[in-house]
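Report on the structure
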Protein chains: 2
Amino acid sequence: MRGMSLRIALLGLLTAYGSASGYDLAKGFERSVAHVWQAGHSQIYPELAKMTADGLVTVEAEGARGRKIYSITSEGRAELRAWLIGHDPTGPARSEVALQAFLLPLLDPGEALDVLERLKAYVEQKLAELEAMWAAKHALPVPEGASGVKFGDLALDLGIRQTRTTLEWANDAMAQLERQA
Amino acid sequence: MRGMSLRIALLGLLTAYGSASGYDLAKGFERSVAHVWQAGHSQIYPELAKMTADGLVTVEAEGARGRKIYSITSEGRAELRAWLIGHDPTGPARSEVALQAFLLPLLDPGEALDVLERLKAYVEQKLAELEAMWAAKHALPVPEGASGVKFGDLALDLGIRQTRTTLEWANDAMAQLERQA
DNA sequence: AGGTGACATGTAAGCTTTGACATGTCAATC
DNA sequence: GATTGACATGTCAAAGCTTACATGTCACCT
């Protein structure tokens, strides 16, 4: 039960979409799950083939331009449910930003400030993107019959909060360095 | 210039330690960089060999039990500096916790609450660990001549803040779900 | 003298991930 | 009629990473 995450993400998106092609899923990955999990089409297409072989998804129909439309099977739904309910969270977070932060005291304060400045700019941009995503999602009225919490909202909220936290950290770190210099 | 991060982390630790064996670095990884970057000894030993070949580190001496003591070269220092100053941050954050959060609305509120409960317990434990690390580091008085900011402090602070943010998010998410149920 | 456990280094198989290559369809514009 | 660009699917090689295997030293305890 290791390295299931790509499968799970795909099953989740498929559930949300009802049915979709590999291409759709790849685009969906970029749009909605990107801040949570990344995968290119070169990973997605083979994985969908394996998942088909394992009976988690099926090719429901084939459209124009060789388009294959997948949908989730009941087995797939069971797998997804089991993972969500039974998976122990492991906190890896291999983060380049955090690594940079870790090593920052190796530079002299002036240089460290420059690095933090760039990092801050990056984080600000990312925050703007996430907030735009949130705004776009909530601009439309809630469709009838939908539950209160939209799919992916919790994760987007988490992403926004963490990005804000990083920004605050960068500001405080800069202030601390300036006091020293 | 991709996938340098392991190298950089090793060069950083070596700078901090002055000199160290692969074994020391592996232990140091567990203790101090783990929340920022992970690597087992089976990755560290071969990488040190490659770095030696590339002239970034040298085997300064060989001690008991086949122990090899590495130190950083001026080339290594240059590489580390260049990365820190010139590296554009890329925000991957492939996070299983965030993925779980993303998919949570697929469960019904009761089940989702259970998942959040476990997640919260995990995050609380992690927070306690990080805070214990901070306390341990700052219990000792600052050694003479040292700069104000200790090595790794900024990253630890960032980690603590982000873990706290995740905890707050979990609490709010749970409250929101309870209101619905 | 023997056992345990921390110290210490490595290799190998297998999986995931990335980036580049490769191919072809269809719609719209020039 | 030709070109461009989004649509659409795939493969492959190389790099990264994890897990397990494999070996040996040294200190301490019994």
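Residues numbered from 1 in each chain as written. Chains lettered and ligands numbered in written order. Predicted model: local features only at pLDDT ≥ 70, side-chain atom pairs only at ≥ 80, totals over all residues. Heavy atoms only, no water.

Neighbouring DNA strand D are 17 residues; A:Y23, A:H41, A:K68, B:S42 and B:Q43 lie closest to it. Sugar plus phosphate: this is where 66% of the atoms of DNA strand D within 4 Å of the protein reside. A:Y45 places a polar side-chain atom, nitrogen or oxygen, 2.8 Å from a phosphate oxygen of DNA strand D. Here a sugar or linking oxygen of DNA strand D sits 3.4 Å away from a polar atom, N or O, in the side chain of A:R65. (Near = heavy atom within 4 Å. Polar contact = N/O pair within 3.5 Å; in protein donor to acceptor, adjacent residues only side chain to side chain.)

The tally for this structure, following the rule as stated, stands at two aromatic pairs over all chains. Residues A:F102 and B:F151 carry aromatic rings whose centres are separated by 5.0 Å and whose planes lie at 80 degrees to one another, so their mutual orientation is edge-to-face. One end of the pair, A:F102, is in helix 5 (residues 96–103); the other, B:F151, is in the loop between helix 6 (109–139) and helix 7 (153–180), on a second chain. Assessed through its relative accessible area of 3%, A:F102 is described here as buried. On the basis of relative accessibility, which here comes to 23%, the residue B:F151 falls in the partly exposed class. (Phe/Tyr/Trp six-rings, centres within 6.5 Å; stacked < 30°, edge-to-face > 60°. Helix = DSSP H or I, 4+ residues; strand = E, 2+ residues; numbered from the N terminus. Buried < 20%, exposed > 50% of the residue type's maximum accessible area, 1.4 Å probe, protein only.)

This paragraph deals with unusual backbone geometry. Located in the positive-phi region is A:R65, a residue other than glycine, with phi close to 55 degrees. With respect to the helices and strands, A:R65 occurs in the loop between strand 2 (57–62) and strand 3 (68–72).

Turning our attention to the domain arrangement of chain A. Residue and element names in this part refer to chain A. By the assigned domains, chain A splits into domain 1 (5–86) and domain 2 (96–180). Placing the centre of domain 1 and that of domain 2 at their C-alpha centroids yields a distance of 28 Å. Each partner contributes residues to the interface: domain 1 has seven residues there, and domain 2 has five residues. When the two sides are added together, the surface that domain 1 and domain 2 hide from each other amounts to roughly 390 Å², 82% of it contributed by carbon and sulfur. Together, A16, R31 and H35 form the three largest contributors to the area buried by domain 1 at its contact with domain 2, with a combined 75%. Summed over the shared surface of domain 1 and domain 2, the number is zero salt bridges. (Domains from an automatic or database assignment. Contact = heavy atoms within 4.5 Å. Buried area = accessible area lost by both parts, 1.4 Å probe. Salt bridge = Lys/Arg side-chain N within 4 Å of Asp/Glu carboxyl O.)

Another aspect to go through is helix 6 of chain B. With 31 residues, helix 6 of chain B ought to run about 45 Å at 1.5 Å a step, and its terminal C-alpha atoms sit 44 Å apart, in line with that. On its buried side, helix 6 of chain B packs onto helix 4 (74–86) of chain A together with helix 5 (96–103) and helix 7 of chain B. (Expected span 1.5 Å × (residues − 1).)

Here we come to the pairing of strand 3 of chain A. All names here are of chain A. Where burial is concerned, most of strand 3 is hidden: four out of the five residues are buried. As defined by bridge partners, strand 1 (residues 19–21) adjoins strand 3 across three bridges and the pair is classed as antiparallel. Looking at strand 3, one finds that A20 is bridged to Y70. Bridging between strand 2 and strand 3 involves five bridges; their strand directions are antiparallel. Note on strand 3: the bridge partner recorded for V57 is I72. Where strand 2 folds back on strand 3, the antiparallel hairpin that results is connected by five residues, among which R65 adopts a positive phi of roughly 55 degrees. (Pairing = 2+ DSSP bridges.)

Around DNA strand C, the structure places 17 residues, and the nearest of them are A:S42, A:Q43, B:Y23, B:R67 and B:K68. The sugar-phosphate share of atoms of DNA strand C within 4 Å of the protein amounts to 68%. B:Y23 places a main-chain nitrogen or oxygen 2.6 Å from a phosphate oxygen of DNA strand C. Within the side chain of B:R65, one N or O atom sits 3.3 Å away from a sugar or linking oxygen of DNA strand C.

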